Number of protein chains: 2
Amino acid sequence: MKTEDYLVVPGSAISLADFKTDDTAGHKKSEALARLEELRADLNTLQQLLYADGRYGLLVILQGMDTSGKDGVCRHVVNAFNPQGVQITSFKVPTSEELAHDFLWRIHKAIPRRGMVGIFNRSQYEDVLVVRVENLVPEKVWRKRYGLINDFEGCLCDNGITVVKFFLHISNDEQKTRLQDRLDDPTEYWKFNLADLKTRAKWDAYTAAYEDALNKCSTKRAPWYIIPADKKWFRDLLISQILKEKLTALNLEWPPLAEEAVGITIE
Amino acid sequence: MKTEDYLVVPGSAISLADFKTDDTAGHKKSEALARLEELRADLNTLQQLLYADGRYGLLVILQGMDTSGKDGVCRHVVNAFNPQGVQITSFKVPTSEELAHDFLWRIHKAIPRRGMVGIFNRSQYEDVLVVRVENLVPEKVWRKRYGLINDFEGCLCDNGITVVKFFLHISNDEQKTRLQDRLDDPTEYWKFNLADLKTRAKWDAYTAAYEDALNKCSTKRAPWYIIPADKKWFRDLLISQILKEKLTALNLEWPPLAEEAVGITIE
């Protein structure tokens, strides 16, 4: 599995129809689950090293249609980390206070400090997705946001934050199955939201909006990956592998013992 | 294992010397680890139910001497939960802004909303522990805080938050070993803090301060438990069991399907 096969190459113009939602890169489920356990152990160590090293942070952005698995990634990948080193933010419909500020205000407050892993369940990209499709601001306002987002993410990168963005790519049929499950399973009733049906009816408009976000905002330093997400186990495997590569690339190091502590014996 | 054996009975006057730090309630390690895995699965389900139900929250307070395992509990117990449903706050030396407010101001901001699990790594109790031992405020100020803390925790309970407090009880010898490990293992150097030695030298004063906090602030609704913590696996087992009992006692229920969603088929 070559993770760069799933990268939106900066400057390219991808069409989501060209990316399979049920790709598994030839993996079998049982073998993938075993490999995932190994990756989880690696991620746990790398995250402790990130924390100890303290020079860098990691920001992971999760986006995708309803039911695409943003919560599942938190349950099955993010929980490999020590929870003390992770800060998850779910961006909901903006509050009145958030709406009284620019769209990046609430985002900036949630950026992880160096040493930490930040997970965004939805993000600044909602402001060029739902906001665009539902006409919540004029086009000249949301059009300008792609550039603002790139500038903002560049500023984060300049300050030691590695930014990696995952679009969880599911098929329209898979979403149908997953929404129906919420109606049929009493332990899933609470996840069902009637508004999700209105969003589903605008699948094509959302797809077009996602394509623009992926194409305009996949940069060398803050790239987008398109994650085939019909198979949950492959989604988790691929994301774990990418995160391992990103953390490994930082060449993290265990800090030395403080000079004044050398040679001390505890009494 | 009866969890009430580890409870500080409200109104009692315990002495920490009467509580073993290496107690294992007759458990063997291998059997305990297998049981812990089962408990972790139970906790995962219960936490999802807490979130879905939405009527209650859970606040877990971790206190103990340096190296007693507050971080270890986060790594090995708290990570059983979906990280999206958990909010961990580590209270450090107060900032100048925090010091310009009353001692409960920063605590209140970190209280979990209903549906969530909040974990406090250190807490409001630092204001009757380090503050008392190091004489950071006059005695008449910290003396009043026991009552203020009980009132505050009562207010949380009134609002649907279950409060449970764990004192991680290690021996002086065990702390010596664990501090020495930080000096001897290059992957632990970063955890070593010279200031911990000054705190260690005041072991008896801290023990007395802890005893007062445990005796004055173990209430029926916000009880303290004394967790034998020399054996990490027993610490994790006992805490997991207590958390399971606390969550089970809430009689949580999966919410019904919204009326307007009954009978819908996804197209």
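Residues numbered from 1 in each chain as written. Chains lettered and ligands numbered in written order. Predicted model: local features only at pLDDT ≥ 70, side-chain atom pairs only at ≥ 80, totals over all residues. Heavy atoms only, no water.

Asks: Describe the overall build of chain A, with residues and values.
Replies: Along the backbone of chain A there are 10 helices and 5 strands. What you see for chain A is a C-alpha radius of gyration of 20 Å, in line with the 18 Å of a compact globule of 267 residues. Residue burial in chain A is summarised as follows: out of 267 residues, 53% are buried. Averaged over its 36 positive side-chain charges, chain A has a centre that lies 3 Å from the centre of its 39 negative ones. (Helix = DSSP H or I, 4+ residues; strand = E, 2+ residues; numbered from the N terminus. Rg over C-alpha atoms; globule rule 2.2 N^0.38 Å. Buried < 20%, exposed > 50% of the residue type's maximum accessible area, 1.4 Å probe, protein only. Lys, Arg positive; Asp, Glu negative; His and termini not counted. Charge placed at Lys NZ, Arg CZ, Asp CG, Glu CD.)

Asks: Any details on the relation of the copies chain A and chain B? Residues and values, ideally.
Replies: Superposing chain A onto chain B requires a rotation of 180° together with a translation of 0.0 Å along the rotation axis, leaving an RMSD of 0.0 Å. In the structure described here, the two chain copies are related by an operation that fits a two-fold rotation axis. Looking at the interface residues of chain A, 100% of them are also at the interface in chain B, so both copies use one shared face. (Least-squares fit on C-alpha atoms with pLDDT ≥ 70 in both. Contact = heavy atoms within 4.5 Å.)

Asks: Let's hear about the sheet that holds strand β3 (residues 117–121) of chain B: which residues, and what values?
Replies: All names here are of chain B. Pairing is parallel in the open sheet, where 5 strands are placed in the order β2-β3-β1-β4-β5. Every interior strand has two partners, whereas the edge strands, β2 (86–90) and β5 (224–228), have only one. Each neighbouring strand pair of the sheet contributes to a mean axis angle of 20°, computed without reference to strand direction. Packing of helix α9 (residues 203–217) onto the sheet brings it into contact with β1 (57–64), β4 (161–169) and β5, and relative to β5 it is tilted by some 135°. (Pairing = 2+ DSSP bridges. Axes fitted to C-alpha atoms, helices over the stretch in contact; angles between N-to-C directions.)

Asks: So what about the pattern of salt bridges? Which residues, and what values?
Replies: Tallied over the full model, the rule gives 36 salt bridges over all chains. A salt bridge links Asp-66 of chain B to Arg-122 of chain B; its shortest N-O distance comes to 3.0 Å. With Asp-66 of chain B in the loop between β1 and α2 (70–76) and Arg-122 of chain B in the loop between β3 and α5 (130–133), this pair connects stretches of sequence that are 56 residues apart. For Asp-66 of chain B, a relative accessible area of 13% puts it in the buried group. Connected through salt bridges with shared partners, the residues Arg-132, Glu-139, Arg-143 and Asp-212 of chain A form a single ionic network. (Salt bridge = Lys/Arg side-chain N within 4 Å of Asp/Glu carboxyl O.)

Asks: So, the packing of helix α6 (residues 139–158) of chain B against α9 of chain B: which residues are in play, and what are the values?
Replies: Residue and element names in this part refer to chain B. Running from N to C, α6 and α9 cross one another at 45°; their axes reach a closest spacing of 10 Å. Looking at the two axes, α6 sits oblique to α9. Our pair here, α6 against α9, has a crossing hand that is right-handed. Along the contact surface, α6 presents Arg-143, Tyr-146, Ile-149, Asn-150 and Glu-153, while α9 presents Asp-212, Ala-213, Lys-216 and Cys-217. (Parallel < 35°, antiparallel > 145°, perpendicular 65-115°, else oblique. Left-handed = near helix turned anticlockwise from the far one by under 90°.)

Asks: Explain the packing of helix α1 (residues 29–53) of chain A against helix α10 (residues 232–248) of chain A residue by residue, including any values.
Replies: Residues and elements named next belong to chain A. As a packed pair, α1 and α10 sit with axes 9 Å apart at the nearest point and diverge in direction by 30°. The orientation of α1 relative to α10 falls into the category roughly parallel. The element α1 and its partner α10 pack so that their crossing is left-handed. Judged by residue contacts, Lys-29, Ala-32, Leu-33, Arg-35, Leu-36, Leu-39, Asp-42, Leu-43, Leu-46 and Leu-50 of α1 engage Trp-233, Asp-236, Leu-237, Ser-240, Gln-241, Leu-243, Lys-244, Leu-247 and Thr-248 from α10. Its residues assigned to classes, the contact of α1 with α10 comprises 11 nonpolar, 3 polar and 5 charged. (Nonpolar A, V, L, I, M, F, W, Y, C, P; charged D, E, K, R; others polar.)

Asks: I'd like a description of the sheet that holds strand β1 (residues 57–64) of chain A, backed by residues and values.
Replies: Residues and elements named next belong to chain A. Taken in spatial order, the 5 strands line up as β2-β3-β1-β4-β5 in an open sheet, and their pairing is parallel. Two strands lie at the open edges of the sheet, namely β2 (86–90) and β5 (224–228), each paired on one side alone. Neighbour-to-neighbour, the strand axes of the sheet open up by a mean angle of 20°, direction not taken into account. Here strand β4 (residues 161–169) pairs with β5 via 5 bridges, running parallel.

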